[in-house]
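Summary of structural features
In case you want the letters, here they are:
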Amino acid sequence: MGIRSRIISHLSEGMINYPEINALWLEGSDGTSTSDHLSDIDLVIHVSSGFETKALSICENLLEEIASLDLSYEEPRQQPNMRYKVFHLENTPSYLFIDVNVYSHRPFIEFDRFNDSEVPIVLFDKKQVIQIREHNESELQQTLRNRLYHLENTIKQKARIEKYIERNKFIEAIGYYHKFMISPLVEVLRIKYKPINHDYYIVCISKHLPREIVGRLEDLYKVTSIEDISKHTQQAYQWFYEVLKDVHNNLNK
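Here's a quick rundown of the structure. (Residues numbered from 1 in each chain as written. Predicted model: local features only at pLDDT ≥ 70, side-chain atom pairs only at ≥ 80, totals over all residues. Heavy atoms only, no water.)

**Points about the overall build of the protein**
- The secondary structure content of the protein amounts to eight helices and eight strands.
- Overall, the protein is about 60 × 45 × 35 Å in size when its C-alpha atoms are taken along their principal axes.
- Burial statistics for the protein: of 253 residues in total, 43% are counted as buried.
- Sequence-distant contacts, at least 24 apart, represent 59% of the contacts inside the protein between residues at least 6 apart.
- Per element, the accessible surface of the protein, about 13,800 Å² overall, is 48% carbon and sulfur.
- When the 30 positive and 37 negative side-chain charges of the protein are each reduced to one mean point, those points stand 6 Å apart. (Helix = DSSP H or I, 4+ residues; strand = E, 2+ residues; numbered from the N terminus. Buried < 20%, exposed > 50% of the residue type's maximum accessible area, 1.4 Å probe, protein only. Contact = heavy atoms within 4.5 Å. Areas by Shrake-Rupley, 256 points an atom, 1.4 Å probe, with all protein chains shown as cover. Lys, Arg positive; Asp, Glu negative; His and termini not counted. Charge placed at Lys NZ, Arg CZ, Asp CG, Glu CD.)

Quick look at the structure:
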């Protein structure tokens, strides 16, 4: 058994007998059947309210039964019933992070049947936590219309980029270039080509967008000077509105 399979099996076997742990499943590349030797492990634990800290402790102890940890870091979150912690075992591949989410905020977690980027691989589910729902296209279109409003009003602020171009301040200019130009462009392209994953930003973008679109977008990321930022800002702005027109036409059909 490889280290990846060993980690998953050991965590599943070690957690299933805790009555407060309702379900355990994999997401990410395991769910989409795209895992390779560079993939990490995306694990989700659903627990009874108040058991979040204990669940993370159980997970950490189980991992330490396999090997010592050289990374154990919990990312701060606003909601105590939605926790995230990343682990890494010593002497395992450097890319084999174990990303653990602990949820107790809802009695069940819904997955859209149409969304092939979010597919749970159930290790156990004692309370039917995982629910597969039918796709709601009208709900998605309303979400997309709302996002288009915000995206257009973000990109209209391109003068925030241009003032730092005028001041010859590269760091500030490139920071605002990504915030006010690249980010809205990426999302509007996603809305056109993979609308159900419009909010994924760069995650899986090379798979979700057509190859020629990815190539064109890559060129806009290749920035090494103020002159590049100036030129690419105009190109990205024009492209955004071309795509926006197409998207509005599609939504209005």
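**Some thoughts on the pairing of strand S2 (residues 41-47)**
- For S2, a buried count of six out of seven residues is recorded, marking the element as mostly surrounded by other parts of the structure.
- Judged from the six bridges that link them, strand S1 (residues 21-27) and S2 form a sheet pairing that is antiparallel. Looking across to S2, one finds that Glu-27 is bridged to Asp-42.
- Alignment of S2 against strand S5 (residues 98-103), held across six bridges, turns out to be parallel. Considered in S5, the bridge of Val-44 is made with Asn-101. (Pairing = 2+ DSSP bridges.)

**Re the nonpolar core**
- Residues Leu-185, Val-188 and Leu-217 are the most contacted members of the largest nonpolar core, which totals 36 residues.
- Going through the elements one at a time, helix H3 (137-155), helix H4 (159-166), helix H5 (170-193), helix H7 (211-221) and helix H8 (226-251) are the ones with two or more residues in this core.
- Sort the elements by how many residues they give to this core and H5 lands first, with 11 residues. (Core = buried A, V, L, I, M, F, W, Y, C linked by side-chain atoms within 4.5 Å.)

**Things to note about the environment of Tyr-177**
- By secondary structure assignment, the location of Tyr-177 is in helix H5.
- When the C-alpha atoms of Tyr-177 and Tyr-221 are compared, they prove to be 9.8 Å apart, with 44 residues separating the residues in sequence.
- Filtering out sequence-adjacent residues up to four positions away, Tyr-177 remains in contact with Ile-161, Ile-182, Leu-220, Val-223, Ile-229, His-232 and Thr-233.

**Re the packing of H4 against H8**
- At a minimum axis distance of 10 Å, the contact between H4 and H8 shows a crossing angle of 155°. When the axes of H4 and H8 are compared, the pair comes out roughly antiparallel. Handedness of the H4/H8 crossing: left-handed. Residues Ile-161, Glu-162, Tyr-164 and Ile-165 of H4 form the contact with H8, whose own contacting residues are Ile-226, Ile-229, Ser-230, Thr-233 and Gln-234. (Axes fitted to C-alpha atoms, helices over the stretch in contact; angles between N-to-C directions. Parallel < 35°, antiparallel > 145°, perpendicular 65-115°, else oblique. Left-handed = near helix turned anticlockwise from the far one by under 90°.)

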